[in-house]
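Structural overview for review
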Amino acid sequence: MDISVIVPLYNEAESLPELEAWIARVMKDNGFSYEIWFINDGSTDNSWKVIGELAKKNPCVKGVAFRRNYGKSPALFTGFERAQGDVVITMDADLQDSPDEIPELYRMITEDGYDLVSGWKQKRYDPLSKTIPTKLFNATARKVSGIHNLHDFNCGLKAYRNEVVKHIEVYGDMHRYIPYLAKNAGFTRIGEKVVHHQARKYGTTKFGLDRFVNGYLDLATLWFTNKFGIKPMHFFGLLGSLMFILGFIAVVIVGVTKLYNMHMGNSYILVTDSPYFYLSLVMMILGTQLFLTGFLGELIVRNSPSRNKYEIREEIRE
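Counting from 1, residues in each chain are numbered in the order their sequence is written. Given that this is a predicted model, residues contribute local features only at a pLDDT of at least 70 and side-chain atom pairs are listed and counted only at 80 or more, while totals for whole chains, interfaces and linings are drawn from all residues. Each side-chain value is worked out from all heavy atoms of the structure, with water and hydrogens disregarded.

A word on helix α10 (residues 275–302)
Numbering of helices and strands runs from the N terminus, with a helix taken as a DSSP run of H or I at least four residues long and a strand as a DSSP run of E at least two residues long. Any helix carries an expected span of 1.5 Å times its number of residues minus one. Along its 28 residues, α10 runs 41 Å from first to last C-alpha, staying within 8% of the 40 Å computed at 1.5 Å per residue. What makes two residues a contact is simply this: any of their non-hydrogen atoms within 4.5 Å. Where α10 is buried, its residues touch α9 (233–264).

Some words on empty space enclosed by the protein
Using only the protein atoms, space was sampled on a 1 Å grid; points where a 1.4 Å probe fits but cannot get out form cavities, open sets with protein on both sides within 12 Å along at least five of seven lines form pockets, and lining residues are those with an atom within 4 Å of a point. Grid points are joined across faces, edges and corners, and a volume is the space filled by probe spheres set on the points. As enumerated under the stated definition, the model contains 1 cavity of 30 Å³ or more in all. The calculated volume of the largest cavity comes to roughly 80 Å³. In terms of lining residues, the largest cavity is bounded by 13 residues, among which K72, L76, T90, C155 and G156 are the most central. The set of elements that each furnish at least two residues to the lining of the largest cavity consists of α3 (72–82) and β6 (158–161). For the lining of the largest cavity, the class distribution of residues is 6 nonpolar, 4 polar and 3 charged. Residues were grouped as follows: Ala, Val, Leu, Ile, Met, Phe, Trp, Tyr, Cys and Pro as nonpolar; Asp, Glu, Lys and Arg as charged; and all remaining residues, including Gly, as polar.

Structural notes on the sheet that holds strand β2 (residues 34–40)
Here we have 7 strands laid out as an open sheet, ordered β3-β2-β1-β4-β6-β5-β7, and mixed in their pairing. Each end of this open sheet is capped by a strand with a single partner; those strands are β3 (61–65) and β7 (190–194). Across the sheet, the mean angle from the axis of one strand to that of its neighbour is 20 degrees, orientation sign disregarded. Note: strand β4 (residues 87–90) against β6, 4 bridges, orientation antiparallel. At least two DSSP bridges between two strands are required for those strands to pair. To get an axis, fit a line to the C-alpha atoms, keeping to the stretch in contact for a helix; angles then go from 0 to 180 degrees between the N-to-C directions.

Some details on the nonpolar core
Remark: nonpolar core denotes a set of buried residues (Ala, Val, Leu, Ile, Met, Phe, Trp, Tyr, Cys) joined through side-chain atoms within 4.5 Å. Exposed residues in this analysis have more than 50% of their type's maximum accessible area, buried residues have under 20%, and partly exposed residues fall in between, with area computed by a 1.4 Å probe over protein chains only. With 35 residues, the main nonpolar core has I3, V5, F38, I89 and M91 as its most contacted residues. Sorting the residues of this core by element identifies β1 (3–9), α1 (16–30), β2, α2 (47–57), β4 and α4 (102–110) as the ones contributing at least two each. It is α1 that provides the largest number of residues to this core, a total of 7 residues. Within the second largest apolar cluster, 31 residues are counted, among which are L76, A83, Y177 and I178.

A short note on the pattern of salt bridges
Take a side-chain nitrogen of Lys or Arg and a carboxyl oxygen of Asp or Glu: if they are within 4 Å of each other, that pair is a salt bridge. Scanning all chains against the criterion turns up 11 salt bridges. Two residues, D92 and K72, come together in a salt bridge whose shortest N-O distance is 2.9 Å. With D92 in the loop between β4 and α4 and K72 in helix α3, the pair connects residues that are 20 residues apart, well separated along the chain. Note on K72: relative accessible area 15%, which makes it buried. Residues D115 and R161 are paired through a salt bridge, measuring 2.4 Å at the closest nitrogen-oxygen approach. Of the two residues, D115 is situated in the loop between α4 and β5 (116–120) and R161 in strand β6; the sequence distance between them amounts to 46 residues. The class for D115 is buried, based on a relative accessible area of 2%. According to the relative accessible area criterion, R161 is partly exposed, its value standing at 21%.

Looking at the packing of aromatic side chains
How two aromatic rings sit relative to each other is set out by the distance from centre to centre and by the angle between their planes. Aromatic contacts are taken between Phe, Tyr and Trp rings whose centres are within 6.5 Å, Trp giving its six-membered ring; a plane angle under 30 degrees counts as stacked, one over 60 as edge-to-face, and the others as tilted. Within the structure shown, the criterion is met by 5 aromatic pairs. An angle of 70 degrees between the planes, with centres 5.5 Å apart, marks the rings of F80 and Y160 as edge-to-face. Taken together, the residues F80 in helix α3 and Y160 in strand β6 connect sequence positions 80 residues apart. Given the relative accessible area of 1%, Y160 is considered buried. On the numbers, 5.3 Å between centres and 80 degrees between planes, the contact of F277 with Y278 is edge-to-face. According to the relative accessible area criterion, F277 is buried, its value standing at 17%.

This is the structure in structure tokens:
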């Protein structure tokens, strides 16, 4: 099979027939064999009924219905598990992503050799309250991930080699960082294509401004787990040791200063009356706690079944 199209959706019943017809037309015009996976993320409208009707008319249409709303990441992961196409295309169900982009995305994967191609909605039909935070978010994501050629990490229109989606786990709200997840899994040939962004035709957006706050927290989590996930002592142990040493040095300075003033006959205060003494003790205590956190993290990692799990691309045996 050439292409699997994965469409996560939540209350998009009005747009589904038009989207399915559009995708089918593009596939027929280009001679692609395909499947469409509609992942119904707990919709409360008649989206699932519409999907059932579309599946009766088009055997390429398949669907999964969640019992409740879990979010976009679980929906994508479910689609990734079931995708059989050589190239996997993801797009939103609101008709803001154009299926006309599919042939070129497919070509970039199969002919140009990309592992992943992300869409870039260079010209957007969104209000400034959405576009400005999006630009700041993407700038931060580029800096942290090291993928400097992507302008829009969160674009729903993406293409992947099938191998990529089978080797990444999308959970929580990590769908925003699929390129970063792919890079961490060893798929570094990541490209970008300028895609057409259409104004929403039906309904309203399902995402609020809280996604930007959550997005930064998720990015920090992803960066930390990728860098220190199997070696927590390198972070907590180093930071804890530095804090303990600085606190210890500060305590020594406070004590030596008092002894010096006593020896020289100068006025002095009790060590316990100095605020620096208590600040030094706090630093030493925090340093000890951070070090122990790293030590406990190492014990947990040591007993983790994935501590020595590495992806092997190919192997040669004599």
